[in-house]
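Summary of the model geometry
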Amino acid sequence: MKIALMNEFSQAAKNPVVLEQLQAVADEHKHSVFNVGMNSDNDHRLTYIHLGIMASLLLNSKAVDFVVTGCGTGQGALMSLNAYPGVTCGYCIEPSDAFLFAQINNGNALSLPFAKGFGWGAELNMRYIFEKAFTGVKGQGYPPERKDSQVANAGILNQIKSAVSKDYMNALACIDKELLQTAVAGKRFQQCLFEHGQDQEIASLVNDLIA
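Residues numbered from 1 in each chain as written. Predicted model: local features only at pLDDT ≥ 70, side-chain atom pairs only at ≥ 80, totals over all residues. Heavy atoms only, no water.

If you look the protein chain up in an unreviewed UniProt entry, it shows as Ribose-5-phosphate isomerase C-terminal domain-containing protein from Saccharobesus litoralis. Quoted verbatim from the Sequence similarities (unreviewed entry) field of the UniProt record, the comment on the protein chain reads "Belongs to the LacAB/RpiB family." (UniProt positions renumbered as here; feature names shortened; annotations may be inferred.)

**Digging into the packing of aromatic side chains**
By the definition in use, this model includes three aromatic pairs. A ring pair is formed by F99 and Y142, whose centres lie 5.7 Å apart and whose planes are at 80°; its orientation type is edge-to-face. Linking F99 in helix α4 (residues 95–105) with Y142 in the loop between α5 (122–134) and α6 (147–164), this pair joins segments that are 43 residues apart in sequence. A relative accessible area of 30% means that F99 is categorised as partly exposed. Connected via pairs of aromatic rings, a cluster forms that spans F66, F130 and F134. (Phe/Tyr/Trp six-rings, centres within 6.5 Å; stacked < 30°, edge-to-face > 60°. Helix = DSSP H or I, 4+ residues; strand = E, 2+ residues; numbered from the N terminus. Buried < 20%, exposed > 50% of the residue type's maximum accessible area, 1.4 Å probe, protein only.)

**Side note on the side chain of N108**
Residue placement: N108 occurs in the loop between α4 and β5 (109–113). Under the relative-accessibility criterion, N108 is labelled buried at 17%. Separated by 3.0 Å, the side chain of N108 and the backbone oxygen of G86 make a polar contact. In terms of polar contacts, N108 uses its side chain to reach the backbone amide nitrogen of T88, at 2.8 Å. Beyond its immediate chain neighbours, meaning those up to four positions away, N108 contacts L59, D65, F66, V67, G86, V87, T88 and F101. (Polar contact = N/O pair within 3.5 Å; in protein donor to acceptor, adjacent residues only side chain to side chain. Contact = heavy atoms within 4.5 Å.)

**Overview of helix α2 (residues 48–60)**
Given a rise of 1.5 Å per residue, 13 residues ought to cover 18 Å, and the 18 Å separating the end C-alpha atoms of α2 matches this to within 8%. Burial analysis of α2 places 10 of its 13 residues in the buried class, the great majority of the element. Where α2 is concerned, the buried positions are H50, L51, G52, I53, M54, A55, S56, L57, L58 and L59. Phi turns positive, to about 65°, at K62, one or two residues after α2. (Expected span 1.5 Å × (residues − 1).)

Below is the structure:
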């Protein structure tokens, strides 16, 4: 599995801590991690608005399979990512959230609060969250006796989102160009997209934005 980690400006200083925990779990399961957001306070400035754009480009191009992100409360990043087709983001405070999201909703992104409640033992909580998110088979439903309905409902919700969303490329064309340019400006983001993306139309769009 290819996993992207992205932090915005308010929580950029926490990126090394989050990355360390995510990388440790990923290494155990032979997953790849791409740190594509801000990795310090001095990195190019991103908001949770940019995170939604970035996540949608990486997931829809199949450059990555999963996105881990967040903001101060995790709510802004959650809403930003879920605004886009092809992205199903869950809100995760503690390990059982990650497990239940993986089994019931079977999504492709998690938003964590990196300020609210981020205190003593926070790095351990993140480690356990990532273990539950990236261990075992996803989409099995929970509890087991409700497996069939849970799996069916997750699929129906994805179909509804696709039906009510605009065509993805046309939707991107309606977004303020400066927002898009800032979102794709990071060199680590560009490297991940161009080296692993499988959608030439998305790659061409990003090339035009950074030209």
